[in-house]
Amino acid sequence: MHDAPESKQPTPSPSAESTAGTAAQLEKARRDKFDRLVALGIDPWGKRFGDVMPIADVRARGEGIDKAADDGPTVRVAGRIMLLRSAGSLVFIDLHDRTGRLQLMLGKKQVGPEVWKVIDCLDLGDIVGVDGRLGWSKTGEMTVFVSHLEFLTKSLATPPDKYHGLVDPELRQRMRYLDLIHGEGVRDRFVARSRIVEAVRRVLAARGFLEVEGPTLQETAGGAAARPFATHHNALDMPLVLRIALELHLKRLLVGGMERVFELGRVYRNEGVSTRHNPEFTMLEAYEAYGDYGTMMDLTEAIIVEAAQVAGAPARFEWMGRPVDLTPPFRRAKYDDLIREVTGCDPTDPASVAAAAATAGVETAGRHPDVIKSDLFEATVEKTLDGPVFVIDYPASICPLTKRKAGQPNVAERFELYVAGMELANAYTELNDPDLQEELFRTQLAGMAAEESMARMDTDFIAALRHGMPPAGGLGIGIDRLVMFLTAAASIRDVILFPIHRPRA
RNA sequence: GCCCCGUUAGCUCAAUUGGUCAGAGCAUCUGACUCUUAAUCAGAGGGUUCCUGGUUCGAGUCCAGGACGGGGCACCA
């Protein structure tokens, strides 16, 4: 075969519906190449292409090859065409796979006229596989000198700017697949998320915890103070809500003798969207019989240290402009002590707390003293916590699922872990007294709306407690926030692959 | 829910006090090139300036309303 037909390619006439530029016209150029591939007897959607080597492995081999050598090993790689430079009858391609980037060189003489016709049909974004000799170009770039090319998939849509990629945050989130291809560090961050989740499971499994799955459709959304999403089951004709926490069903399993359980799953809260909140997010909850909030602190440290390691986060770094030191043990500070330090009031004296709250602009009229104290804490102390720091021993009345400290009925054995002013984990010694639990479910704190309280009656849960739940420690970690923290992400939308959006206009 | 900001070609961005300002780069098309590196060089085409209305001789630009997004606040133990 010679190349004569190429010179007979008709020049598009200017009179034909305007030649190029709009999205439709850009796609037409690609569809024309698609048709040419079909005419050459090639399937533009490709097929199985076996024995592909990851580019990272190929690069490692290439490092050992002499720059002047022309007898390097034959390798096979596949991936997406990210850059394409044509110098007449010599074409350079930057090929990307999940492990890295590698340059290909294709010469007209070297590949022969059959393959050359295919190369003429390549666009940015196409997916190809090649065989070739691994070596170095004259300018010192590691290169596969292609001897055979297998066309694997045509890209019909125009990719984003090859240098800037996708910048518009709306497009980046709605078209996450493009963001993953073109965004700086985007894929790395989601790989880190997977590694972190693996690490969490590994730490728990090593300690004998069983992973279980509770119901996401529930009659009563308990275990947290949040508004649920409501739905309906048609066949049973019953209202249902999506879970807002994992807690109450995992504790039923403690009653059932599953002494160490955890669940890593999605929960749903019908509330505002922000850089730290998405309506659906991933929660870890773990429960350990015969433990307490102290054992949960050890477990929390173990999980976070392991997760930081696999995420490649150093022990000391800065997040959101604040210093963080992950060297265990993490600092422990009592709730009341922090309030005293930061506000100067006497945390044991409701009048003193109320005065400090008023100064901080916190609403006090007609509200329970512990609710005022809690709001004061959030308004003043929270933002000062660089962390990581375990804030321990909370006011009992705002902790309806928590065991009270022995001899101190007003103090709950609870901690929250703060980093850079953000709550990362929450744990307590679990309340296992069914009578007290029932009473707390019935008690509504003054100044707290029913939907804001986590004290929501669950009679089936009370019935379970009556059969005896062993003393236990329980832990909850917001996985999305943990990933944000360990990958230095400023927004929760950066660590959720497909965050919520309004429908496009 | 409230406040501030943004939206211009497929992508990334310009456009002076309202006046040939509908512009560039990438991408696309045509041509040249067997060692390029965001390849380069020469040429060509590509627009509902988010939508609706208003002010004006004249609106990408000013005003009102709306859509979507970003940030902040509220909400979220």
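Residues numbered from 1 in each chain as written. Chains lettered and ligands numbered in written order. Predicted model: local features only at pLDDT ≥ 70, side-chain atom pairs only at ≥ 80, totals over all residues. Heavy atoms only, no water.

A. Spatial organisation of the layout of surface pockets. Considering only enclosed or pocket space, the second largest pocket measures out at about 610 Å³ in volume. Among the secondary structure elements, those contributing two or more residues to the lining of the second largest pocket are β1 (74-86), β2 (90-97), β3 (100-107), α6 (176-182) and α7 (186-206). Of all the elements, β1 adds the most residues to the lining of the second largest pocket, at 5 residues. Considering only residue class, the lining of the second largest pocket consists of 11 nonpolar, 10 polar and 10 charged. (1 Å grid on protein atoms, 1.4 Å probe; cavity = no way out; pocket = protein on both sides within 12 Å on 5 of 7 lines; lining within 4 Å. Points joined across faces, edges and corners; volume = space filled by probe spheres on them. Helix = DSSP H or I, 4+ residues; strand = E, 2+ residues; numbered from the N terminus. Nonpolar A, V, L, I, M, F, W, Y, C, P; charged D, E, K, R; others polar.)

B. The pattern of salt bridges, seen in detail. A complete count under the given rule lists 33 salt bridges for this structure. Glu288 is paired through a salt bridge with Arg260; the nearest N and O atoms lie 3.2 Å apart. Note that Glu288 is positioned in strand β11 (residues 280-289) and Arg260 in strand β10 (residues 260-268), a separation of 28 residues in sequence. According to the relative accessible area criterion, Glu288 is buried, its value standing at 13%. Look at Arg260 and you get partly exposed, because its relative accessible area is 32%. (Salt bridge = Lys/Arg side-chain N within 4 Å of Asp/Glu carboxyl O. Buried < 20%, exposed > 50% of the residue type's maximum accessible area, 1.4 Å probe, protein only.)

C. Structural detail: empty space enclosed by the protein. The tally for this structure, following the rule as stated, stands at 1 cavity of 30 Å³ or more. The computed volume of the largest cavity comes to approximately 40 Å³. Around the largest cavity sit Gln218, Thr220, Gly222, Ala245, Leu246, Glu247, Leu248, His249, Arg252 and Asp458, which together line it. Of the residues forming the lining of the largest cavity, the biggest block, 4 residues, is contributed by helix α8 (residues 247-255). Among the residues making up the lining of the largest cavity, the classes are represented as 3 nonpolar, 4 polar and 3 charged.

D. Broad picture of α7. Look at α7: 30 Å from first C-alpha to last across 21 residues, which is about the 30 Å you get at 1.5 Å a residue. When we look at burial in α7, the residues that qualify are Val186, Phe190, Ala192, Arg193, Ile196, Val197, Ala199, Val200, Val203 and Leu204. Immediately beyond the C-terminal end of α7, within one or two residues, lies Gly208, with a positive phi of roughly 85°. (Expected span 1.5 Å × (residues − 1).)

E. Seen up close, the side chain of Thr487. Summarising the element assignment, Thr487 is placed in helix α15 (residues 479-487). Overall, Thr487 belongs to the buried group, its relative accessible area being 14%.

F. View of the sheet that holds β3. The sheet built from 5 strands closes into a barrel, its strands ordered β1-β2-β3-β5-β4 with mixed pairing. Sheet twist, expressed as the mean angle between neighbouring strand axes with direction ignored, is 55°. Here 6 bridges tie β1 to β2, and the two strands are oriented antiparallel to one another. Looking at the pairing, Arg85 lines up with Phe92 of β2. Contacting β1, β2, β3, β4 (127-136) and β5 (142-153), helix α3 (residues 55-62) crosses the sheet at an angle of about 70° to β3. (Pairing = 2+ DSSP bridges. Axes fitted to C-alpha atoms, helices over the stretch in contact; angles between N-to-C directions. Contact = heavy atoms within 4.5 Å.)

G. Region of the structure containing the sheet that holds strand β9 (residues 238-242). If you walk across this open sheet you meet the 3 strands as β7-β9-β8, and the pairing is antiparallel. In this open sheet, the two strands that pair with only one neighbour each are β7 (217-218) and β8 (230-233). Where β7 lies against β9, 2 bridges are found, and the strand directions are antiparallel. Its bridge partner lying in β9, Gln218 is registered against Val241.

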